[in-house]
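Structural description and commentary
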Amino acid sequence: MSNSNYDPHKIYEIGFIGSGNMAQAIGLAFIEKGICKAENLIVSSPSENNKKVWRDIGAAVTNDNNAVFCNTKIVFLATKPQYFPKVVSELFTKTFGSLQILISIMAGIPLNKLQEAFNVQPSVLFKVMPNTPSIIGEGFSAISYLSDASLEEIAVTLPKVKLLMSAVGGVEVIPESLMNAAGAISGSGPAYAFLIIEALADGGVKQGIPRDLAVRLAASAMAGGSRMVLETGKHTGQLKDMVTSAGGSTIAALHALEKGGVRCAMMDAVEAATNRSKEMGEKK
């Protein structure tokens, strides 16, 4: 089977440079929610296994990034950050006649470097930080754009980006200066949650609860608590106090957590992830 099935004479609606889990989550959501038909979507990837996922649903696939850049209206840069220089070096043109919006979901790489690399108008370029719950439609995407972009033009392109990303969860527009920190919370946050769920489950197992039940109890508590924060609008301290009876088991547990430095550890984790994202951007 040919590793490419795209039509060089066709202009596609949406394209992806990179075809990993996040690209698949976003692209499949577009198709499922009717934002884009599969035949109007094109994906470039070196991985035959990843291309098969897209080919099987009717999307066009190719090994050539130029095919995506030159034949697509909206392009997502979804490669790993370390491959960014290679993507740029392989372009044979920086004149993308059909390109209307360029969205990077690569961590760390700032908008000014993207603009320099692709030579596009400021109002065309966006940086988006989604997270892995996007795979199940429960994600959150932070969106930023260049400060010198024309407000009149941004008023046309930004709503389109927000609509696209709302297919996989919530969206929020933030200044680019906050993007690394937002990614440290939202982008990396699911990993923190998984670690906490695993630790809670370990605690349950230590107390005699079967592993599968302990995991479900921990995950449900985290999911329900998160939903209460989002839906009630109450301060987290107030919600915590609702669970914490005087002299009870919960306050004893919270004391143990504070004694163990969990609050400080979480703050340090966010700072470490933020600093690492900055370092990654500076190296590109």
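If you're wondering where the values come from, they're calculated on a predicted model, not measured in any experiment. (Residues numbered from 1 in each chain as written. Predicted model: local features only at pLDDT ≥ 70, side-chain atom pairs only at ≥ 80, totals over all residues. Heavy atoms only, no water.)

1. Digging into the sheet that holds strand E3 (residues 60–62)
One key point about sheets: their strands pair by backbone hydrogen bonds, in either a parallel or an antiparallel sense. In space, the eight strands of this open sheet follow the order E3-E2-E1-E4-E5-E6-E7-E8, with mixed pairing throughout. Lying at the two open borders of the sheet, with one neighbouring strand each, are E3 and strand E8 (169–173). Across the sheet, the mean angle from the axis of one strand to that of its neighbour is 20°, orientation sign disregarded. Strand direction decides the pairing type here: strand E2 (residues 41–44) and E3, joined by three bridges, are parallel. Residue pairing for E3: Val43 is matched across the bridge by Val61. Of the strands in this sheet, strand E1 (12–17), E2 and E3 are in contact with helix H2 (residues 48–56), which crosses E3 at around 160°. (Pairing = 2+ DSSP bridges. Helix = DSSP H or I, 4+ residues; strand = E, 2+ residues; numbered from the N terminus. Axes fitted to C-alpha atoms, helices over the stretch in contact; angles between N-to-C directions. Contact = heavy atoms within 4.5 Å.)

2. Structural notes on the pairing of strand E6 (residues 125–129)
Of all five residues in E6, five are buried, a share of seventy percent or more. Neither face of E6 is open: one carries Leu125, Lys127 and Met129, the other Phe126 and Val128, and all of them are buried. Sheet topology places strand E5 (residues 101–104) next to E6; three bridges connect them, and they run parallel. Bridge assignment links Ile103 to a residue of E6, and that residue is Phe126. Handedness of the crossover joining E5 and E6 through helix H5 (residues 111–118) is recorded here as right-handed. Sheet analysis places E6 next to strand E7 (residues 139–145), joined by four bridges and oriented antiparallel. (Buried < 20%, exposed > 50% of the residue type's maximum accessible area, 1.4 Å probe, protein only. Right-handed = clockwise from strand over helix to strand, strands pointing away.)

3. Here's the deal with unusual backbone geometry
Unlike most non-glycine residues, Asn119 shows phi in positive territory, near 55°. Summarising the element assignment, Asn119 is placed in the loop between H5 and E6.

4. A short note on the state of the cysteines
As enumerated under the stated definition, the model contains zero disulfides in all. Cysteine Cys70 is unpaired, with the sulfur of Cys36 as its nearest cysteine sulfur at 18 Å. (Disulfide = S-S within 2.5 Å.)

5. A word on a nonpolar patch on the surface
The grouping of Ile196, Leu200, Leu257, Val262 and Met266 at the surface amounts to a nonpolar patch, some 370 Å² of accessible area in total. Contributing elements (two or more residues each) for the nonpolar patch: helix H8 (189–206) and helix H12 (262–283). Following the sequence through the fold, Leu200 ends up in helix H8. By relative accessible area, Leu200 is classed as partly exposed at 47%. (Patch = residues over 30% accessible without salt bridge, like charges linked within 9 Å, V, L, I, M, F, W, Y side chains within 5 Å. Areas by Shrake-Rupley, 256 points an atom, 1.4 Å probe, with all protein chains shown as cover. Salt bridge = Lys/Arg side-chain N within 4 Å of Asp/Glu carboxyl O.)

6. A few points about the packing of H8 against helix H9 (residues 211–232)
Two elements in contact, H8 and H9, have axes whose closest approach is 8 Å; the angle formed by their N-to-C orientations is 135°. One element, H8, and the other, H9, form an angle in the oblique class. In this structure, H8 crosses over H9, and the sense of that crossing is right-handed. Contacts between H8 and H9 involve Ala193, Ile196, Ile197, Glu198, Leu200, Ala201, Asp202, Gly204 and Val205 from the first element and Arg211, Ala214, Val215, Ala218, Ala219 and Met222 from the second. Looking at the contact of H8 with H9 residue by residue, the class counts come to eleven nonpolar, one polar and three charged. (Parallel < 35°, antiparallel > 145°, perpendicular 65-115°, else oblique. Left-handed = near helix turned anticlockwise from the far one by under 90°. Nonpolar A, V, L, I, M, F, W, Y, C, P; charged D, E, K, R; others polar.)

7. Some details on the pairing of E8
Note that E7 and E8 share five bridges and pair parallel. When the bridges of E8 are listed, Ser141 appears paired with Val171. Assessed by its sense of winding, the connection that carries the chain from E7 through helix H6 (residues 151–165) to E8 is right-handed.

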